[in-house]
Amino acid sequence: MKTVAEIIEQNAFSHSDLVTLLAAEGDDLKLIYDKAAEVKAKYIGNKVYLRGLVEYSNKCRKNCYYCGIRLGNAKVNRYTIDDDEVVQAAKYIKQLGYGSMVLQSGELMTPTFVDAIERLLLRIHEATDHTLGITLSMGEQSEDTYRRWFDAGAKRYLLRIESSTKELYYKLHPDDNTHSYDIRLEALLTLRKVGYQVGSGVMIGLPFQTLDHLADDLLFLQSLDVDMVGMGPYIEHSDTPLYQYRYLLPSVEHRLELSLKMVAILRIMMKDINIAATTALQTLRADAREQAVVVGANIIMPNVTPQSFRKQYFLYQNKTVVKDDAFAYHEQLEQAIKAIGCEIGYNAHGDSKHFERTPLMSLWGYNY
Ligand code: SAM
Ligand code: SF4
């Protein structure tokens, strides 16, 4: 059997190599983290790019078993932020020097919603002199919708596969047409075809999830040739069906460690993609996002959602950003980034280098 030191020097990784890396501890784990930091320094550098996150609406047509804002959770007060407030937030993001924003929401497919997002994108661009990079994260949509939003100025799209293993996917979602694994996968391919920088990702430390599943997730992201990845720990929420399986969850420490390992291993595998240090990481431990940056991540998405809405975008319990004021948070973040020897890439989009080098490659190379 190969050692961790041998595996991390390879250019291609088998499923069993990845399981070995995911199980590493002690000195072996340090080897993985050091290698990931070395790869990041060589291919990405020490800049961290910020994307101001606006949680646009918590209205959703879906019932994902893990998510606090699922349709079936009657305790949620539903909101949609009005356009003027979103445009204000976009101007604030520009003023803070963040080069990009992310608009995220529950999944709606109604013509009213599609039109509203298209109009909003045009307004944001107009109000920020076409300087902000805009990422959308609004779930599965038709090709026509993805195209309209692309033409209105969104150039990146995040759509996590959540778990690349079908059998586990259907333990996290109802097995019906609204939550189809195949449709989600097709949506990722459509996004690529339309021309977006495509981001995907998974949740880590889920009930029923094994190292085999996570190794498959890493291979999936590689074979999909994604430009960006956002993956982080699963965190339970008491008003969701998955909560009943909390006794199967790994400890918080273990979920954190697994998440950091996933980031580091992916950085070694996919050297020039953008990898986000997610909010969920920070929820489990205050310094975990910076740790993720040390071991491979290069993107952070500070929450700039107007305060009054944050409590209602409660995907999982203890979501930290609910308490943060955007400016105070920004100052702390700047210090924390400096403390780990990195710097913020101000007033720049921080596009995925992978996308810049290989536009549309995966359209032809995809064979998962
Ligand atoms: N509705 C869109 C979608 O599902 O793609 C975008 C918004 S959704 C709230 C964004 C992400 O939140 C999901 O992809 C999921 O991975 C994450 N999420 C939801 N519930 C979570 C939980 N309990 N723990 C960790 N992440 C969670
Ligand atoms: Fe809706 Fe996204 Fe939550 Fe699923 S994860 S219930 S699609 S907001």
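Residues numbered from 1 in each chain as written. Chains lettered and ligands numbered in written order. Predicted model: local features only at pLDDT ≥ 70, side-chain atom pairs only at ≥ 80, totals over all residues. Heavy atoms only, no water.

Student: Can you break down the overall build of the protein chain residue by residue, with the values?
Tutor: When you go through the protein chain residue by residue, the secondary structure sums to 16 helices and 11 strands. When the backbone C-alpha atoms are referred to their principal axes, the protein chain occupies close to 60 × 45 × 45 Å. Looking at the protein chain residue by residue over its 368 residues, the buried ones come to 60%. Across the protein chain, every contact between residues at least 6 apart in sequence was considered, and the portion connecting residues at least 24 apart equals 76%. As displayed, the protein chain has an accessible area near 14,700 Å², and 53% of this comes from carbon and sulfur atoms. In the protein chain, 41 positive and 47 negative side-chain charges are present, and the distance between their average locations comes to 2 Å. (Helix = DSSP H or I, 4+ residues; strand = E, 2+ residues; numbered from the N terminus. Buried < 20%, exposed > 50% of the residue type's maximum accessible area, 1.4 Å probe, protein only. Contact = heavy atoms within 4.5 Å. Areas by Shrake-Rupley, 256 points an atom, 1.4 Å probe, with all protein chains shown as cover. Lys, Arg positive; Asp, Glu negative; His and termini not counted. Charge placed at Lys NZ, Arg CZ, Asp CG, Glu CD.)

Student: Any chance you could break down the pairing of strand 3 (residues 133–137) for me, citing the residues and the numbers?
Tutor: Most of strand 3 sits out of view: 5 of its 5 residues are buried. Burial along strand 3 is two-sided: Gly 133, Thr 135 and Ser 137 facing one way and Ile 134 and Leu 136 facing the other are all buried. As judged from the 5 bridges shared by strand 2 (residues 100–105) and strand 3, these two strands associate in the parallel manner. Bridge pairing in strand 3 places Gln 104 opposite Ser 137. Traced from strand 2 through helix 5 (residues 111–127) to strand 3, the parallel crossover comes out right-handed. The pairing of strand 3 with strand 4 (residues 156–158) spans 2 bridges and is classified as parallel. Opposite Thr 135, over in strand 4, you have Arg 156 as the bridge partner. For the crossover that starts at strand 3, traverses helix 6 (residues 143–151) and ends in the parallel strand 4, the hand is right-handed. (Pairing = 2+ DSSP bridges. Right-handed = clockwise from strand over helix to strand, strands pointing away.)

Student: Run through the site of ligand 2, naming residues and quoting values.
Tutor: If you check the shell around ligand 2, you find Cys 60, Lys 62, Cys 64, Tyr 66, Cys 67, Ile 69, Arg 70 and Gly 106 and nothing else. Grouping the constituent residues of the shell around ligand 2 by class yields 5 nonpolar, 1 polar and 2 charged. (Near = heavy atom within 4 Å. Nonpolar A, V, L, I, M, F, W, Y, C, P; charged D, E, K, R; others polar.)

Student: Give a detailed account of the packing of helix 4 (residues 83–96) against helix 5, specifying residues and quantitative values.
Tutor: Between helix 4 and helix 5, the shortest axis-to-axis distance is 9 Å and the interhelical angle comes to 40°. When the axis of helix 4 is compared with that of helix 5, the two are oblique. Here helix 4 runs over helix 5; the crossing is right-handed. Of the residues in helix 5, those touching helix 4 at Asp 83, Asp 84, Val 86, Val 87, Ala 90 and Lys 91 are Leu 120, Arg 123, Ile 124 and Ala 127. Split into classes, the residues belonging to the contact of helix 4 with helix 5 amount to 6 nonpolar, no polar and 4 charged. (Axes fitted to C-alpha atoms, helices over the stretch in contact; angles between N-to-C directions. Parallel < 35°, antiparallel > 145°, perpendicular 65-115°, else oblique. Left-handed = near helix turned anticlockwise from the far one by under 90°.)

Student: Tell me about the confidence of the model for the protein chain, and name the residues and values.
Tutor: On average, residues of the protein chain carry a pLDDT of 94, and 95% of them reach 70 or more. Residue range residues 360–368 is modelled with pLDDT below 50. Its contacts to residues more than four positions away, or to other chains, number 17 contacts. (pLDDT = per-residue confidence, 0-100.)

Student: Outline the packing of aromatic side chains, supporting the account with residue identities and numerical values.
Tutor: Counted by the stated rule, this structure contains 10 aromatic pairs. Ring centres of Tyr 146 and Tyr 157 lie 5.0 Å apart, and the angle between their planes is 75°; this geometry places the pair in the edge-to-face category. Placement of Tyr 146 in helix 6 and of Tyr 157 in strand 4 is noted, with a sequence separation of 11 residues between them. The exposure class assigned to Tyr 146 is buried, which follows from its relative accessible area of 0%. Both rings, one in Phe 208 and one in Tyr 245, keep their centres 4.9 Å apart while their planes meet at 65°; by these two values the pair is edge-to-face. Highlighted residues: Phe 208 in the loop between strand 6 (203–204) and helix 9 (211–223) and Tyr 245 in the loop between strand 8 (232–233) and helix 10 (252–269), separated in sequence by 37 residues. Judged by relative accessible area, Phe 208 falls into the partly exposed class, the value being 31%. On the basis of relative accessibility, which here comes to 28%, the residue Tyr 245 falls in the partly exposed class. Linked through ring pairs, Tyr 146, Phe 150, Tyr 157 and Tyr 196 together constitute an aromatic cluster. (Phe/Tyr/Trp six-rings, centres within 6.5 Å; stacked < 30°, edge-to-face > 60°.)

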